[in-house]
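Architecture and fold: a report
One-letter residues, chain by chain:
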Amino acid sequence: MCYGVKARTEMSLRIAKSRGNKEAAEKLAKLLDPFPEFDLHYGNGFTHPKLVVYTDAEPREPQLALWGLIPAWVKDDAQGKQMWNQTLNARGESIFEKPAFRNSAQKKRCIVFVEGFYEHHHFGKKTYPYFIHLKDRPQFALAGLWEEWKDKESGERKHTFSIVTTDGNELMKRIHNNPKADGPRMPVILTEADEEKWLAPIQNTSDEDAIKALIKPYPADAMTARSVRPLLGKEGTGNADGASEIYEYPELLLADPLA
DNA sequence: CCAGACGTTGTT
DNA sequence: GTCTGG
DNA sequence: CCAGACGTTGTT
DNA sequence: GTCTGG
């Protein structure tokens, strides 16, 4: 789920300025300075990009965190690397129970602003990448969990995060059709009003229920998608500008899942 | 009691 | 760290 | 998860 | 088709 996301530097800076203040945006600009202007950040278990997150600890302060949550109890770097390949996503249904996520679900939630995300559609014997985004908002927040992990050997501290998933809506059902699936999934997309609710502290069970109520599919009619060039491989556009540009596949036009 | 796991994704 | 399985 | 490989022979 | 590597 969420093969990758689009989160350009320009967008991140714009959000930092509107959420926080000028200083926050300037600080972020320095952190992002060596960042290339990519249209795709992979989240596929082999590439672990750093993205800008806003945490419940400091909701107005942009921070960089590594995609792939490492629980605080992980004992060494090797175990951490093994773990983060499996914590790019967190199933919304179980975040309050799973050992890897429950501490974060309770008191370390975050949001990640993206312009859209990528998923593969299976048709015939091939897979076709799609870029999925909202019709009426240039960017939006995904619900995430974060954690801070300290490497006892090197003393290094790592901030990591995971994106919370939920059932796929009607749009995702048509695109996200991998042959080995239990059912289509999608990231939890938050409305502007829900962004602050997701970051609000939990002090009792009704607060917790309020958080759980946010974990639900986003309305399909508010979303749209387009096929794009292959992301990986010889022809892959990968981490490059233009990865999210529309690209029509002739064979798909006959049986476009979105038609 | 100790050892080992701790996680997600995936159709027609 | 904490739970489960043996 | 997707992309790519998928094999053997021969000396120093 | 199925496994491995990224």
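Refer to the structure printed above.
Computed from a predicted model, the values in this text were never measured in an experiment. (Residues numbered from 1 in each chain as written. Chains lettered and ligands numbered in written order. Predicted model: local features only at pLDDT ≥ 70, side-chain atom pairs only at ≥ 80, totals over all residues. Heavy atoms only, no water.)

Checked against the element boundaries, Ser 154 lands in the loop between strand 9 (140-150) and strand 10 (157-167). Separated by 45 residues in sequence, Ser 154 and Arg 109 place their C-alpha atoms 26 Å apart. A distance of 3.3 Å separates a polar atom in the side chain of Ser 154 from a polar atom in the side chain of Asp 151. There is a polar contact of 3.2 Å between the side chain of Ser 154 and the backbone nitrogen of Glu 156. (Helix = DSSP H or I, 4+ residues; strand = E, 2+ residues; numbered from the N terminus. Polar contact = N/O pair within 3.5 Å; in protein donor to acceptor, adjacent residues only side chain to side chain.)

As a further point, take the state of the cysteines. In this structure the tally under the stated criterion is 0 disulfides. Cysteine Cys 2 shares no disulfide, and the gap to the nearest cysteine sulfur, in Cys 110, comes to 13 Å. A residue is classified by how much of its surface remains accessible, and Cys 2, at 1% relative accessible area, is buried. Taking relative accessible area as the criterion, Cys 110 reaches 0% and is therefore assigned buried. (Disulfide = S-S within 2.5 Å. Buried < 20%, exposed > 50% of the residue type's maximum accessible area, 1.4 Å probe, protein only.)

Asp 194, Glu 195, Trp 198 and Leu 199 are the residues of helix 6 (residues 192-199) that are buried. Taken down its axis, helix 6 places every buried residue within 135 degrees of arc, on the same side. (Arc of directions from axis to C-beta.)

The next point concerns the pairing of strand 6 (residues 109-114). The buried fraction of strand 6 amounts to 6 of the 6 residues, a majority that puts the element mostly inside the structure. The two faces of strand 6 match: Arg 109, Ile 111 and Phe 113 on one face and Cys 110, Val 112 and Val 114 on the other face are all buried. Strand direction decides the pairing type here: strand 3 (residues 50-55) and strand 6, joined by 3 bridges, are antiparallel. Within strand 6, the residue paired with Tyr 54 across the bridge is Ile 111. Direction of pairing for strand 6 relative to strand 9: antiparallel, over a ladder of 6 bridges. (Pairing = 2+ DSSP bridges.)

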